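# Fold and geometry: a report
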Number of protein chains: 2
Amino acid sequence: MADEGFSDKNLTEGLVDPGQQARWFNRVREAHQAETAEDYVELIADLIEAQGEARVVDLANRFGVSHATVNKVIVRLNREGLVSNQPYRSLFLTETGKDLARRCKERHRVVLDFLLALGISPATAEADAEGVEHHVSEETLTAFRNFIARNR
Amino acid sequence: MADEGFSDKNLTEGLVDPGQQARWFNRVREAHQAETAEDYVELIADLIEAQGEARVVDLANRFGVSHATVNKVIVRLNREGLVSNQPYRSLFLTETGKDLARRCKERHRVVLDFLLALGISPATAEADAEGVEHHVSEETLTAFRNFIARNR
DNA sequence: AACAAAGTTTAGCCTTGGCAACAATTTGAA
DNA sequence: TTCAAATTGTTGCCAAGGCTAAACTTTGTT
Ligand SMILES: [Mn+2]
Ligand SMILES: [Mn+2]
Ligand SMILES: [Mn+2]
Ligand SMILES: [Mn+2]
């Protein structure tokens, strides 16, 4: 694979290398696949911390979807080793799930604080952060952290 | 062991209002539904501008998916009035499609330039922008534009 | 003109995450 | 204890976007 990125041909045509572009879109698709799991473990962790337990009905309310949808996702997360639960009982995170939740909450906080530091209103910052969080690289998160520190 | 308290605020301390949170997640879901259409019209416009035409095989290469997948999406975008095409011929945008493409390209450019102005490396900025662009509000875009202007 | 290559479309199949409707279990109040 | 309400689980449906394989059309070369 030679010289991915910016060949003469691509520059004259004003288009980036197709393989490079494909990798970018691939990364977005991977982020979307991880997104549901990330939001679920994050919210489950928040509910357990704030209320002592996370129930299906709470998740349904806070995600704005039906309890059937929540149940189906929980089955998948259980299968993937992020959630552990018994029938008709409240939800728990596995160690893997707790670890993912911790990292997601930290990332969420950085994105939110960055938008706030930029001067975005709290309501908009919270809304934007919920989507943006899944698409920021470590390099960008570091730049966000530096910006927050500089504007503290 | 559910809510045994009298005040509804006591036990939900540290958590945002459920209806508000549901609206945030709903907005993210709406963005995801619009995302494919946005990326397709943007890339179709780019290809037409750079190469004179947009073909299924080009889109497949640049998105990194099979040509069958592209075809199925094109059928949908045609049905929704964004793309106009004849069988076995190259793809065109309707006026609605061109308009959406123009707005998406502008938004993409703002997000990319903002990340670059923040000091993110070009490769990372391009990759992150492809996902982030679909989740930034007008308010945040305005703040991005201001930041770009201040750091020019 | 004939034929091979390239490009497009169609047909099945899959997974995710939506929904409503109904079934089963747990919980709380009589 | 009993029973209704709340909660959880199951079933069947749907659309979006992935895929492979096969059929079809256009294009280019001989
Ligand atoms: Mn999120
Ligand atoms: Mn989040
Ligand atoms: Mn994009
Ligand atoms: Mn884009």
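Residues numbered from 1 in each chain as written. Chains lettered and ligands numbered in written order. Predicted model: local features only at pLDDT ≥ 70, side-chain atom pairs only at ≥ 80, totals over all residues. Heavy atoms only, no water.

Labelled according to an unreviewed UniProt entry, chain A appears under the name Transcriptional regulator MntR, originating from Micavibrio aeruginosavorus. Listed in UniProt under the heading Subcellular location (unreviewed entry), the comment for chain A reads: "Cytoplasm". Looking at the Sequence similarities (unreviewed entry) heading of the UniProt record, one finds this comment for chain A: "Belongs to the DtxR/MntR family." (UniProt positions renumbered as here; feature names shortened; annotations may be inferred.)

### Overview of the coordination of the manganese ion (ligand 4)
All names here are of chain B. The protein atoms that coordinate the manganese ion (ligand 4) are Glu-42 (OE), His-108 (ND1), Glu-133 (OE) and Glu-133 (OE), at distances spanning 2.2 to 2.6 Å. For the pair the manganese ion (ligand 4) and the manganese ion (ligand 3), the metal-to-metal distance amounts to 3.6 Å, and Glu-133 bridges them. With Glu-42 in helix 2 (residues 18-51) and His-108 in helix 5 (residues 95-118), the pair connects residues that are 66 residues apart, well separated along the chain. For the pair Glu-42 and His-108, a shared accessibility class is recorded, and that class is buried. (Donors = N, O, S within 2.8 Å, 3.2 Å for Na, K, Ca; no water. Helix = DSSP H or I, 4+ residues; strand = E, 2+ residues; numbered from the N terminus. Buried < 20%, exposed > 50% of the residue type's maximum accessible area, 1.4 Å probe, protein only.)

### So, the protein's contact with DNA strand D
As a structural note, the neighbourhood of DNA strand D is formed by 22 residues, with His-67 and Asn-71 of chain A together with Lys-72, Arg-76 and Arg-89 of chain B the closest of them. Within 4 Å of the protein, the atoms of DNA strand D are drawn from sugar and phosphate moieties in a proportion of 66%. The separation between a base oxygen of DNA strand D and a polar side-chain atom of Lys-72 of chain B is 2.5 Å. For DNA strand D, a phosphate oxygen lies 2.7 Å from a polar atom in the side chain of Arg-89 of chain B. For the surface near DNA strand D, the secondary-structure elements that each account for two or more residues are helix 3 (56-63) and helix 4 (67-79) of chain A together with helix 4 (67-79) of chain B. Sorting elements by how many residues they give to the surface near DNA strand D places helix 4 of chain B first, with six residues. Class assignment for the residues of the surface near DNA strand D results in eight nonpolar, seven polar and seven charged. (Near = heavy atom within 4 Å. Polar contact = N/O pair within 3.5 Å; in protein donor to acceptor, adjacent residues only side chain to side chain. Nonpolar A, V, L, I, M, F, W, Y, C, P; charged D, E, K, R; others polar.)

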